[in-house]
Amino acid sequence: MAFNAMWKPGRQAVAGMQGNGSANPALVIYLDPDSLAILPPSDPAEWPEFIRLLRQIRDSADELAVFLDKHKAVRDDDARPE
C-alpha cells in the first residue's frame, strides 16, 4: 500500500458526517488545519463497495485506537516515579 500524503492532525481535529439528510452526504475529517472529505459515488450501484470502504475505515480506526490506548497505558506506567 502506497501513501501519497501524510497528515498529522492538530489539537482541534474532528471528524463527522456532513450533509446528514441531504443529497450530498460526506465523511469529513477536519485535521486542523487541513481537511479531507470522502464522498460517496454518484452511482448508487457503486455504493456497496463504498460502504465496504467506510466499514474498513471504521474498523481500522478502532483497531488503531485500541493499539494506542494499550501503548498509552504502558507509557503512563513507564512515566510513573518508583
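The structure presented is a predicted model; accordingly, all values stated were derived computationally and were not measured. (Residues numbered from 1 in each chain as written. Predicted model: local features only at pLDDT ≥ 70, side-chain atom pairs only at ≥ 80, totals over all residues. Heavy atoms only, no water.)

K.L.:
Explanation requested: the overall build of the protein in the structure shown.
P.N.:
Along the protein, the regular secondary structure elements total 1 helix and 3 strands. Along the chain direction, N to C, the helices and strands of the protein fall in the order β-β-β-α. Put simply, the protein has 82 residues, and 7% of those count as buried. The contacts in the protein between residues at least 6 apart in sequence include a share of 6% that link residues at least 24 apart. Per element, the accessible surface of the protein, about 7500 Å² overall, is 57% carbon and sulfur. (Helix = DSSP H or I, 4+ residues; strand = E, 2+ residues; numbered from the N terminus. Buried < 20%, exposed > 50% of the residue type's maximum accessible area, 1.4 Å probe, protein only. Contact = heavy atoms within 4.5 Å. Areas by Shrake-Rupley, 256 points an atom, 1.4 Å probe, with all protein chains shown as cover.)

K.L.:
Teacher, can you tell me more about the sheet that holds strand S3 (residues 35–38) here?
P.N.:
Each strand in a sheet pairs with its neighbour through backbone hydrogen bonds, running either in the same direction (parallel) or in the opposite one (antiparallel). Read from one edge to the other, the open sheet built from 3 strands follows the order S1-S2-S3, with strand pairing classed as antiparallel. The open sheet terminates on both sides in strands that have one partner only, identified here as strand S1 (14–18) and S3. Taking each pair of neighbouring strands and ignoring which way they run, the sheet shows an average axis angle of 15°. Across 5 bridges, the pairing between S1 and strand S2 (residues 26–30) is antiparallel. Among the inter-strand pairings, alanine 15 is bridged to a residue of S2, identified as isoleucine 29. (Pairing = 2+ DSSP bridges. Axes fitted to C-alpha atoms, helices over the stretch in contact; angles between N-to-C directions.)

K.L.:
It is not clear to me how the layout of surface pockets should be interpreted in this structure. Could you clarify?
P.N.:
In this approach a probe as big as a water molecule rolls over the atoms, and the regions it shows empty are the leftover space. By volume, the second largest pocket amounts to about 350 Å³. In terms of lining residues, the second largest pocket is bounded by 15 residues, among which Pro25, Ala26, Leu39, Pro40 and Phe50 are the most central. If you list the elements that add at least two residues to the lining of the second largest pocket, you get S2 and helix H1 (47–79). Among the elements that take part in the lining of the second largest pocket, H1 stands out by supplying 4 residues, more than any other. Counted by class, the lining of the second largest pocket contains 13 nonpolar, 2 polar and no charged residues. (1 Å grid on protein atoms, 1.4 Å probe; cavity = no way out; pocket = protein on both sides within 12 Å on 5 of 7 lines; lining within 4 Å. Points joined across faces, edges and corners; volume = space filled by probe spheres on them. Nonpolar A, V, L, I, M, F, W, Y, C, P; charged D, E, K, R; others polar.)

K.L.:
Would you explain the pattern of salt bridges in this entry?
P.N.:
When the charged atoms of two side chains with opposite charge come close together, those side chains can pair. Under the definition given, this model contains 2 salt bridges. Of the charged contacts, one joins arginine 52 and glutamate 49 as a salt bridge, the two residues approaching to 2.8 Å between their closest N and O atoms. With arginine 52 and glutamate 49 both in helix H1 and 3 residues apart, the pair spans about one turn of that helix. Arginine 58 is paired through a salt bridge with aspartate 59; the nearest N and O atoms lie 2.9 Å apart. On the basis of relative accessible area, aspartate 59 is assigned to the partly exposed category, the value being 41%. (Salt bridge = Lys/Arg side-chain N within 4 Å of Asp/Glu carboxyl O.)

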